[in-house]
Amino acid sequence: MLWVLFLLAAWAVAGTACTRLCLAAVRGAGGGTNTGRIHELTLYEAAFLSGGPRRVADVTLVAMARQRRLLLAHTGWATVVDPRGRDEMERSVIGAIGPEGQSRIAPVRTTAATADAVHAIADRLVRAGLAVPDSARTTVAAAVRQVRSAAVAVLALGVAALLTPAPTDMPRHLIALWFALPLTLTLSSLAVARIEIHPYSRWASPAGQRLLDALTRNADGTADDRTYLTSVAVRGVSAIGEPDLRAAFTHR
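Nothing here was measured: the structure is a model prediction, and the numbers come from that model.

S.K.: Explain the nonpolar core residue by residue, including any values.
M.R.: Considering soluble globular proteins, one finds that nonpolar side chains tend to be buried as a cluster. Grouped together as the largest cluster of nonpolar side chains are 49 residues, with contacts concentrated most on Phe48, Leu49, Leu72 and Phe249. Considering each element in turn, this core owes the most residues, 8 residues, to helix H3 (residues 53-66). Counting 11 residues, the second-largest nonpolar core is a separate cluster that includes Leu21, Ala143, Val144 and Val147.

Set out below in C-alpha coordinates:
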(Lines give C-alpha, C1' and ligand atoms only; values in the text may rest on other atoms or scores of the structure.)
Protein backbone atom coordinates (compact mmCIF):
# COMPACT_ATOMS: atom_id res chain seq x y z
CA MET A 1 0.00 0.00 0.00
CA LEU A 2 2.98 2.28 -0.47
CA TRP A 3 1.21 3.84 -3.42
CA VAL A 4 -1.38 5.31 -1.05
CA LEU A 5 1.34 7.36 0.64
CA PHE A 6 2.40 8.66 -2.76
CA LEU A 7 -1.24 9.49 -3.51
CA LEU A 8 -1.65 11.40 -0.24
CA ALA A 9 1.52 13.36 -0.99
CA ALA A 10 0.22 14.15 -4.48
CA TRP A 11 -3.08 15.46 -3.10
CA ALA A 12 -1.26 17.54 -0.47
CA VAL A 13 1.01 19.13 -3.08
CA ALA A 14 -1.82 19.77 -5.55
CA GLY A 15 -4.27 21.05 -2.96
CA THR A 16 -1.80 23.43 -1.36
CA ALA A 17 -0.69 24.90 -4.67
CA CYS A 18 -4.21 25.33 -6.08
CA THR A 19 -5.48 26.88 -2.86
CA ARG A 20 -2.64 29.38 -2.90
CA LEU A 21 -3.42 30.27 -6.51
CA CYS A 22 -7.11 30.83 -5.72
CA LEU A 23 -6.30 33.08 -2.77
CA ALA A 24 -3.75 35.07 -4.80
CA ALA A 25 -6.23 35.52 -7.64
CA VAL A 26 -8.92 36.78 -5.24
CA ARG A 27 -6.53 39.29 -3.67
CA GLY A 28 -5.31 40.46 -7.08
CA ALA A 29 -8.83 40.89 -8.42
CA GLY A 30 -10.04 42.72 -5.34
CA GLY A 31 -7.72 45.70 -5.63
CA GLY A 32 -8.89 48.96 -4.14
CA THR A 33 -12.43 49.95 -3.27
CA ASN A 34 -12.53 53.49 -4.65
CA THR A 35 -13.15 52.60 -8.29
CA GLY A 36 -15.63 55.44 -8.64
CA ARG A 37 -13.00 58.09 -8.10
CA ILE A 38 -11.65 57.79 -11.66
CA HIS A 39 -14.36 57.84 -14.31
CA GLU A 40 -12.22 58.61 -17.36
CA LEU A 41 -8.72 57.36 -17.90
CA THR A 42 -6.01 59.78 -18.88
CA LEU A 43 -3.63 58.83 -21.66
CA TYR A 44 -0.87 57.94 -19.19
CA GLU A 45 -3.24 55.87 -17.05
CA ALA A 46 -4.45 53.93 -20.07
CA ALA A 47 -0.85 53.30 -21.07
CA PHE A 48 0.07 52.05 -17.61
CA LEU A 49 -2.92 49.70 -17.36
CA SER A 50 -2.18 48.32 -20.82
CA GLY A 51 1.58 47.94 -20.72
CA GLY A 52 3.00 49.20 -17.45
CA PRO A 53 5.68 51.84 -16.84
CA ARG A 54 7.50 51.32 -20.12
CA ARG A 55 4.29 51.90 -22.09
CA VAL A 56 3.85 55.23 -20.29
CA ALA A 57 7.32 56.29 -21.40
CA ASP A 58 6.59 55.19 -24.97
CA VAL A 59 3.34 57.12 -25.30
CA THR A 60 5.04 60.23 -23.87
CA LEU A 61 7.78 60.00 -26.46
CA VAL A 62 5.28 59.50 -29.28
CA ALA A 63 3.09 62.39 -28.11
CA MET A 64 6.07 64.76 -27.93
CA ALA A 65 7.31 63.61 -31.33
CA ARG A 66 3.94 64.25 -32.98
CA GLN A 67 3.91 67.74 -31.51
CA ARG A 68 7.39 68.37 -32.96
CA ARG A 69 8.82 69.01 -29.51
CA LEU A 70 10.98 65.93 -29.76
CA LEU A 71 12.69 64.38 -32.77
CA LEU A 72 12.81 60.59 -32.88
CA ALA A 73 15.10 59.44 -35.68
CA HIS A 74 14.70 56.05 -37.33
CA THR A 75 18.31 55.39 -36.29
CA GLY A 76 17.21 55.18 -32.66
CA TRP A 77 18.17 58.65 -31.41
CA ALA A 78 16.02 61.19 -29.57
CA THR A 79 16.69 64.94 -29.84
CA VAL A 80 15.01 67.59 -27.71
CA VAL A 81 13.45 70.47 -29.64
CA ASP A 82 11.44 72.09 -26.87
CA PRO A 83 13.11 71.64 -23.45
CA ARG A 84 10.00 72.77 -21.56
CA GLY A 85 7.96 69.77 -20.51
CA ARG A 86 4.22 70.33 -20.15
CA ASP A 87 3.79 67.78 -17.35
CA GLU A 88 5.83 65.59 -15.03
CA MET A 89 6.11 62.76 -17.54
CA GLU A 90 7.45 65.00 -20.27
CA ARG A 91 9.92 66.55 -17.86
CA SER A 92 11.00 63.05 -16.87
CA VAL A 93 11.62 62.15 -20.51
CA ILE A 94 13.59 65.35 -21.13
CA GLY A 95 15.60 64.70 -17.99
CA ALA A 96 16.30 61.14 -19.14
CA ILE A 97 17.66 62.44 -22.46
CA GLY A 98 20.15 64.55 -20.54
CA PRO A 99 21.59 68.07 -20.66
CA GLU A 100 23.06 67.60 -24.13
CA GLY A 101 19.55 67.25 -25.56
CA GLN A 102 20.28 64.05 -27.43
CA SER A 103 20.41 60.40 -26.46
CA ARG A 104 19.68 56.90 -27.63
CA ILE A 105 15.98 56.09 -27.30
CA ALA A 106 16.43 52.74 -25.52
CA PRO A 107 18.03 54.13 -22.33
CA VAL A 108 15.56 57.04 -22.34
CA ARG A 109 12.64 54.59 -22.29
CA THR A 110 14.19 52.63 -19.47
CA THR A 111 15.00 55.67 -17.33
CA ALA A 112 11.67 57.40 -17.91
CA ALA A 113 9.81 54.20 -16.98
CA THR A 114 11.32 54.35 -13.48
CA ALA A 115 10.62 58.04 -12.90
CA ASP A 116 8.67 59.32 -9.91
CA ALA A 117 5.90 60.46 -12.24
CA VAL A 118 5.26 56.86 -13.28
CA HIS A 119 5.22 55.72 -9.66
CA ALA A 120 2.66 58.42 -8.90
CA ILE A 121 0.44 57.16 -11.73
CA ALA A 122 0.75 53.60 -10.47
CA ASP A 123 -0.06 54.55 -6.88
CA ARG A 124 -3.12 56.51 -7.97
CA LEU A 125 -4.46 53.63 -10.04
CA VAL A 126 -3.83 51.09 -7.29
CA ARG A 127 -5.66 53.24 -4.75
CA ALA A 128 -8.58 53.52 -7.16
CA GLY A 129 -8.70 49.75 -7.60
CA LEU A 130 -7.85 49.93 -11.30
CA ALA A 131 -4.31 48.55 -11.20
CA VAL A 132 -2.90 45.41 -9.64
CA PRO A 133 -0.42 46.14 -6.81
CA ASP A 134 3.15 44.96 -7.24
CA SER A 135 2.76 42.50 -4.39
CA ALA A 136 -0.33 40.94 -5.98
CA ARG A 137 1.40 40.57 -9.36
CA THR A 138 4.32 38.84 -7.70
CA THR A 139 2.07 36.60 -5.60
CA VAL A 140 -0.08 35.46 -8.53
CA ALA A 141 2.96 34.73 -10.69
CA ALA A 142 4.57 32.73 -7.88
CA ALA A 143 1.33 30.83 -7.29
CA VAL A 144 1.08 29.89 -10.96
CA ARG A 145 4.66 28.63 -10.90
CA GLN A 146 3.87 26.59 -7.78
CA VAL A 147 0.87 24.95 -9.47
CA ARG A 148 3.05 24.08 -12.47
CA SER A 149 5.59 22.51 -10.15
CA ALA A 150 2.80 20.67 -8.35
CA ALA A 151 1.59 19.18 -11.65
CA VAL A 152 5.09 17.87 -12.35
CA ALA A 153 5.36 16.55 -8.78
CA VAL A 154 2.02 14.73 -9.03
CA LEU A 155 3.10 13.14 -12.29
CA ALA A 156 6.40 12.07 -10.75
CA LEU A 157 4.67 10.63 -7.69
CA GLY A 158 2.27 8.73 -9.93
CA VAL A 159 5.11 7.22 -11.90
CA ALA A 160 6.91 6.32 -8.68
CA ALA A 161 3.77 4.62 -7.36
CA LEU A 162 3.39 2.60 -10.55
CA LEU A 163 7.04 1.55 -10.45
CA THR A 164 6.95 0.53 -6.80
CA PRO A 165 7.89 -3.14 -6.66
CA ALA A 166 5.90 -3.80 -3.49
CA PRO A 167 3.03 -6.24 -4.13
CA THR A 168 -0.46 -4.78 -4.20
CA ASP A 169 -3.92 -6.06 -4.96
CA MET A 170 -4.79 -2.82 -6.76
CA PRO A 171 -4.48 -2.97 -10.58
CA ARG A 172 -1.96 -0.57 -12.06
CA HIS A 173 -4.49 1.18 -14.25
CA LEU A 174 -6.66 2.00 -11.22
CA ILE A 175 -3.65 3.46 -9.42
CA ALA A 176 -3.04 5.63 -12.46
CA LEU A 177 -6.66 6.79 -12.38
CA TRP A 178 -6.34 7.81 -8.73
CA PHE A 179 -3.32 9.94 -9.55
CA ALA A 180 -5.14 11.41 -12.53
CA LEU A 181 -7.48 13.22 -10.13
CA PRO A 182 -4.90 15.55 -8.48
CA LEU A 183 -3.18 15.94 -11.85
CA THR A 184 -6.49 17.05 -13.37
CA LEU A 185 -6.94 19.50 -10.51
CA THR A 186 -3.59 21.18 -11.15
CA LEU A 187 -3.99 21.27 -14.93
CA SER A 188 -7.53 22.65 -14.74
CA SER A 189 -6.37 25.32 -12.28
CA LEU A 190 -3.67 26.35 -14.73
CA ALA A 191 -6.24 26.48 -17.53
CA VAL A 192 -8.60 28.64 -15.50
CA ALA A 193 -5.71 30.89 -14.48
CA ARG A 194 -4.75 31.27 -18.13
CA ILE A 195 -8.27 32.37 -19.05
CA GLU A 196 -9.39 34.35 -16.01
CA ILE A 197 -6.22 35.69 -14.37
CA HIS A 198 -3.85 36.31 -17.27
CA PRO A 199 -5.64 39.36 -18.76
CA TYR A 200 -5.56 41.21 -15.42
CA SER A 201 -2.60 39.88 -13.48
CA ARG A 202 0.09 42.00 -15.11
CA TRP A 203 -1.15 45.59 -14.72
CA ALA A 204 -4.90 46.20 -14.86
CA SER A 205 -7.43 44.86 -12.37
CA PRO A 206 -10.82 43.67 -13.70
CA ALA A 207 -12.21 47.17 -13.06
CA GLY A 208 -9.28 48.73 -14.90
CA GLN A 209 -9.70 46.32 -17.79
CA ARG A 210 -13.35 47.32 -18.14
CA LEU A 211 -12.37 50.97 -18.35
CA LEU A 212 -9.77 50.13 -20.98
CA ASP A 213 -12.36 48.26 -23.03
CA ALA A 214 -14.76 51.20 -22.80
CA LEU A 215 -11.98 53.61 -23.77
CA THR A 216 -11.19 51.56 -26.85
CA ARG A 217 -14.84 51.31 -27.91
CA ASN A 218 -15.46 55.02 -27.46
CA ALA A 219 -12.43 55.84 -29.59
CA ASP A 220 -13.64 53.78 -32.56
CA GLY A 221 -14.80 55.75 -35.54
CA THR A 222 -12.69 58.85 -34.94
CA ALA A 223 -9.29 59.76 -36.35
CA ASP A 224 -8.01 62.62 -34.22
CA ASP A 225 -4.67 62.84 -32.47
CA ARG A 226 -6.16 61.71 -29.16
CA THR A 227 -7.43 58.51 -30.78
CA TYR A 228 -4.03 57.88 -32.34
CA LEU A 229 -2.24 58.24 -29.00
CA THR A 230 -4.88 56.13 -27.26
CA SER A 231 -4.18 53.36 -29.76
CA VAL A 232 -0.46 53.57 -28.97
CA ALA A 233 -1.22 53.58 -25.24
CA VAL A 234 -3.39 50.46 -25.50
CA ARG A 235 -1.52 48.48 -28.17
CA GLY A 236 2.03 49.74 -27.86
CA VAL A 237 4.53 50.97 -30.44
CA SER A 238 3.23 48.42 -32.95
CA ALA A 239 0.22 50.75 -33.38
CA ILE A 240 2.43 53.60 -34.64
CA GLY A 241 1.45 54.36 -38.22
CA GLU A 242 4.58 56.18 -39.41
CA PRO A 243 7.29 53.69 -40.50
CA ASP A 244 10.19 55.99 -39.53
CA LEU A 245 8.73 56.69 -36.09
CA ARG A 246 8.06 53.00 -35.49
CA ALA A 247 11.59 52.19 -36.61
CA ALA A 248 12.94 54.61 -33.97
CA PHE A 249 11.61 52.29 -31.26
CA THR A 250 12.63 49.02 -32.88
CA HIS A 251 16.14 50.05 -33.93
CA ARG A 252 18.94 48.08 -32.28
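There's plenty left to go through after this.
S.K.: Describe in detail the packing of aromatic side chains, supporting the description with residues and values.
M.R.: Here the structure, examined in full by the defined rule, presents 1 aromatic pair. Aromatic side chains Phe48 and Trp203 sit 5.5 Å apart centroid to centroid with 65° between the ring planes, which places their arrangement in the edge-to-face category. Placement of Phe48 in helix H2 (residues 43-51) and of Trp203 in the loop between helix H8 (172-201) and helix H9 (206-219) is noted, with a sequence separation of 155 residues between them. For the pair Phe48 and Trp203, a shared accessibility class is recorded, and that class is buried.

S.K.: Any chance you could break down the pattern of salt bridges for me, citing the residues and the numbers?
M.R.: In the structure shown here, the tally under the stated rule is 7 salt bridges. One salt bridge connects Arg109 with Asp58, and the closest N-O pair in it is separated by 2.7 Å. Residue Arg109 is located in helix H5 (residues 105-113), and its partner Asp58 is located in helix H3; the two are separated by 51 residues in the primary sequence. Among the salt bridges present, the one from Arg84 reaches Asp82, with a minimum N-O distance of 3.2 Å. Arg84 sits in the exposed class, given a relative accessible area of 64%. One network of salt bridges, with partners in common, ties together Arg66, Asp225 and Glu242.

S.K.: For the pairing of strand S2 (residues 77-80), give the residues involved together with the corresponding values.
M.R.: Taking every second residue as pointing to the same face, the buried face of S2 carries Ala78 and Val80, while none of Trp77 and Thr79 on the other face is buried. Sheet analysis places strand S1 (residues 70-72) next to S2, joined by 3 bridges and oriented antiparallel. In the strand pairing of S2, Leu70 is matched with Val80. As consecutive antiparallel partners, S1 and S2 are separated by 4 residues, and within that stretch Gly76 has a phi angle of approximately 95°, a positive value.

S.K.: Lay out the side chain of Ser189 in plain terms, naming residues and giving numbers.
M.R.: Examined against the element boundaries, Ser189 turns out to sit in helix H8. In this view, Ser189 contacts Cys18, Leu21 and Val147; residues no more than four positions away in its chain are not counted.

S.K.: Report on the sheet that holds S2, specifying residues and quantitative values.
M.R.: Pairing within the open sheet is antiparallel, and its 3 strands lie in the order S1-S2-S3. Every other strand in the sheet has two partners, leaving S1 and strand S3 (102-104) as the edge strands with one partner each. Taken pair by pair, the neighbouring strands of this sheet meet at an average axis angle of 20°, ignoring direction. Here S2 pairs with S3 via 3 bridges, running antiparallel. Within the sheet, the bridge partner assigned to Trp77 lies in S3 and is Arg104. Packing against the sheet, H5 makes contact with S1, S2 and S3, and its axis sits at approximately 90° to S3.

Cut-offs used in this document
All chains use their own residue numbering, which begins from 1 and follows the written sequence. Only residues with pLDDT of at least 70 get local features here, since the model is predicted, and only at 80 or more are side-chain atom pairs given and counted; chain-wide, interface and lining totals rely on the full set of residues. Note that the side-chain values use all heavy atoms of the structure and ignore hydrogens as well as water. Throughout, nonpolar core names a set of buried Ala, Val, Leu, Ile, Met, Phe, Trp, Tyr and Cys residues whose side chains join them through atoms within 4.5 Å. A simple rule labels every residue: compare its accessible area, found with a 1.4 Å probe on the protein chains alone, to the largest value its type can have, and call it buried under 20%, exposed over 50%, or partly exposed in between. To qualify as a helix, a DSSP run of H or I must reach at least 4 residues; to qualify as a strand, a run of E must reach at least 2; elements of each kind are numbered from the N terminus. For Phe, Tyr and Trp, rings pair up if their centres lie within 6.5 Å, where Trp contributes its six-membered ring, and each pair is then called stacked (planes under 30 degrees apart), edge-to-face (over 60) or tilted (otherwise). The salt bridge criterion pairs a side-chain nitrogen of Lys or Arg with a carboxyl oxygen of Asp or Glu, the two atoms within 4 Å. Any two strands between which DSSP finds at least two bridges are classified as paired. The contact criterion used throughout is that any non-hydrogen atoms of two residues lie within 4.5 Å. Lines fitted to C-alpha atoms define the axes here, with helix axes fitted over just the stretch in contact, and angles between the N-to-C directions of these axes take values from 0 to 180 degrees.

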